[in-house]
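# Coordinates in review
Residue strings, one per chain:
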Amino acid sequence: MSQVYAKDQPKDFQNHIRKIAIVGAGGQMGKFIVDALLANGTQTITAVTRKGSSNKIPEGLTVKEVDYDDHASLVSALQGQDALIITMGVIAPPDQSAKLIKAAAEANIPWIIPNEFGADGSNEVLSKDSMLGAAKKADRDLIESLGKSWIGIACNFWYEFSLGGGEGRYGFDFRNKTVLFYDDGEEKIPTATWPLTAKAVANLLALKVYPDDENDTSLTLDSYRNKFVNVKSFNVSQKDMLASVLRVTGDSIDDWKITNVKVEEYFMKYLQQLQKGDRPAFVRVLYSRFFFKGTSASITNFDNEKLGLPVEDLDEFTKVALEMDKQHYFEKKYGHEV
């Protein structure tokens, strides 16, 4: 496909995203995205929220309530927007994303950031093993089939969430001072914080849509059309994480109990449990798969510098994870201990 330029567009064409709708504005990822968009200060933000939702919507947004079983109400809420950001939790109804995408297409929204926020979906093997890939690919395919464009945010696991989220995620149990190392604990993986992921979304949507003309070498939204943006805060191993925990807490390595497991055997054990109906095993399957030797080594092209993302401090976000655990974040959010 030949390069498209802004100079060749209709006279009333605007070469920037001016109006953005976001689903999940009050959620754990959405609220950070809203803060980052508002900090840029160049766009009008509309929160699309379910009627009767108890989520608190940040100030400074237009609010549109919708009924997900009423297609017309979704289309009406999305009219006039230049982009749609979908952030939804894992307990959202499985067909909700498709309903939003179809309504967005009817409302003629050209750009959709689907509910990805994880691994790069172009890695087909990892997508299959994680069991999340098929549904996400279905959303991307639906967007393209409707003549619209998507950009996926490949941030991998959120650092503070995953570190504070119990043994089944990054292996840490802060309260009992135990850590489960996959193999020797030295496999490094890319991981991103909520604020950096949000900043990536905001800076992405602040780009020009197209280059102005043949002489314009600016980074544009068009250069990411139907592709993934790869971002990371840190590239760390479990040993790196533990070292950070020790620095932040002042603990000694002797204060912690370390257990090593063979990651591929661990993965298969919990995959078999999941296949027998043990749904909580899914988290352990998902996370352990990313610690297979060499899995993350192939992820080398990150867009941090292109998008002007800040360099973050590991210990700062380890403190956030420790505080989340201290405040019983997971029990309050999910109704059970992690």
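Look a little higher up for the structure.
Owing to the predicted nature of the structure, the values given are computational and were not obtained by experimental measurement.

### Brief notes about the overall build of the protein chain
Along its length, the protein chain carries twelve helices and 13 strands. Counting every position in the protein chain, which comprises 338 residues, the buried fraction comes to 52%. Sequence separation of 24 or more characterises 77% of the internal contacts of the protein chain that already satisfy a separation of 6 or more. Approximately 16500 Å² of the protein chain is accessible, and the part contributed by carbon and sulfur atoms is 49%. Charge centroids of the protein chain, computed over 40 positive and 47 negative side chains, lie 2 Å from each other.

### Observations concerning the pairing of strand E6 (residues 149–154)
For E6, the tally of buried residues reaches six of six residues, placing the bulk of the element in the interior. Here E6 shows a buried face lined by Ser 149, Ile 151 and Ile 153 and a second buried face lined by Trp 150, Gly 152 and Ala 154. Examined bridge by bridge, strand E5 (residues 111–113) and E6 share two bridges and lie parallel to one another. Bridging from a neighbouring strand, Trp 111 pairs with Ser 149 of E6.

### Examining the packing of helix H2 (residues 71–78) against helix H3 (residues 96–106)
The packing of two helices is summarised by the inter-axis angle and the distance between the axes. The N-to-C vectors of H2 and H3 enclose an angle of 55 degrees; their axes lie 8 Å apart at closest approach. When the interaxial angle is binned, H2 and H3 end up oblique. At the point where H2 passes H3, the crossing takes the right-handed sense. Where H2 abuts H3, its residues His 71, Leu 74, Val 75 and Leu 78 lie against Lys 99, Leu 100, Lys 102, Ala 103, Ala 104 and Glu 106.

### With respect to the sheet that holds strand E3 (residues 62–66)
Pairing is parallel in the open sheet, where seven strands are placed in the order E3-E2-E1-E4-E5-E6-E11. In this open sheet, the two edge strands, each paired with only one partner strand, are E3 and strand E11 (227–230). The sheet shows a mean angle of 25 degrees between the axes of neighbouring strands, taken without regard to direction. Taken strand by strand, H2 contacts strand E1 (19–23), strand E2 (44–50), E3 and strand E4 (83–86), and its axis lies near 170 degrees from that of E3.

### Concerning the nonpolar core
If you look at the biggest cluster of nonpolar residues, it comprises 80 residues, and the most contacted ones within it are Ile 33, Ile 85, Phe 117, Leu 163, Tyr 170, Phe 172 and Leu 204. When residues in this core are grouped by element, the largest group, seven residues, is from helix H7 (residues 194–204). Contacts of Ile 33, omitting those with residues within four sequence positions, involve Ile 22, Ile 85, Thr 87, Phe 117, Ala 198 and Val 201. Listed in part, the 24 residues of the second largest apolar core include Val 66, Leu 84, Ala 107 and Leu 142.

### Some thoughts on the packing of aromatic side chains
Following the criterion strictly, the structure yields 24 aromatic pairs and no others. Ring centres 5.8 Å apart and planes at 80 degrees place the aromatic pair Tyr 170 and Tyr 287 in the edge-to-face group. Of this pair, Tyr 170 sits in the loop between helix H6 (159–163) and strand E8 (172–173) while Tyr 287 is found in helix H10 (residues 281–289), placing the two residues 117 residues apart along the sequence. Accessibility classification places Tyr 170 together with Tyr 287 in one group, the buried group.

### Re the side chain of Asp 222
Mapped onto the elements of the fold, Asp 222 is located in the loop between H7 and E11. The class of Asp 222 is buried, set by a relative accessible area of 18%. A polar side-chain atom of Asp 222 sits 2.8 Å from a polar atom in the side chain of Arg 225. Asp 222 has contacts with Gln 3, Trp 111, Val 209 and Tyr 210, leaving out every residue within four places of it along the chain.

### Concerning the pattern of salt bridges
The full count for this structure, using the stated rule, is 17 salt bridges. Among the salt bridges present, the one from Lys 137 reaches Asp 141, with a minimum N-O distance of 2.8 Å. Remark: Asp 141 and Lys 137 occur in helix H5 (residues 133–145); sequence separation between them is four residues, near one turn of the helix. Of the residues examined, Lys 137 reaches a relative accessible area of 41% and is grouped as partly exposed. With relative accessibility at 38%, the residue Asp 141 sits in the partly exposed group. Across the pair Lys 306 and Asp 303 runs a salt bridge whose closest N-O atoms are separated by 3.9 Å. Exposure remark for Asp 303: the relative accessible area of 8% places this residue in the buried category. Overlapping salt bridges, with partners in common, bring together Lys 7, Asp 8 and Glu 214 in one network.

### What to know about unusual backbone geometry
Trans peptide bonds make up most of the peptide bonds, and negative phi angles are found at most residues other than glycine. In this structure, Asn 108 is a non-glycine residue whose phi angle is positive, near 65 degrees. With respect to the element layout, Asn 108 can be found in the loop between H3 and E5.

### Digging into the environment of Asp 95
Locating Asp 95 in the fold gives a position in the loop between E4 and H3. Judged by its relative accessible area of 38%, Asp 95 falls in the partly exposed class. Through-space distance from the C-alpha of Asp 95 to that of Ser 237 is 36 Å; in sequence the pair is 142 residues apart.

### Looking at the sheet that holds strand E12 (residues 234–236)
One open sheet accounts for three strands, arranged E7-E10-E12; its pairing is mixed. One side of each edge strand has no neighbouring strand; the edge strands of this open sheet are strand E7 (157–158) and E12. Direction of pairing for strand E10 (residues 189–192) relative to E12: antiparallel, over a ladder of three bridges. Bridge assignment links Thr 191 to a residue of E12, and that residue is Phe 234.

Rules of the game
Residues numbered from 1 in each chain as written. Predicted model: local features only at pLDDT ≥ 70, side-chain atom pairs only at ≥ 80, totals over all residues. Heavy atoms only, no water. Helix = DSSP H or I, 4+ residues; strand = E, 2+ residues; numbered from the N terminus. Buried < 20%, exposed > 50% of the residue type's maximum accessible area, 1.4 Å probe, protein only. Contact = heavy atoms within 4.5 Å. Areas by Shrake-Rupley, 256 points an atom, 1.4 Å probe, with all protein chains shown as cover. Lys, Arg positive; Asp, Glu negative; His and termini not counted. Charge placed at Lys NZ, Arg CZ, Asp CG, Glu CD. Pairing = 2+ DSSP bridges. Axes fitted to C-alpha atoms, helices over the stretch in contact; angles between N-to-C directions. Parallel < 35°, antiparallel > 145°, perpendicular 65-115°, else oblique. Left-handed = near helix turned anticlockwise from the far one by under 90°. Core = buried A, V, L, I, M, F, W, Y, C linked by side-chain atoms within 4.5 Å. Phe/Tyr/Trp six-rings, centres within 6.5 Å; stacked < 30°, edge-to-face > 60°. Polar contact = N/O pair within 3.5 Å; in protein donor to acceptor, adjacent residues only side chain to side chain. Salt bridge = Lys/Arg side-chain N within 4 Å of Asp/Glu carboxyl O.

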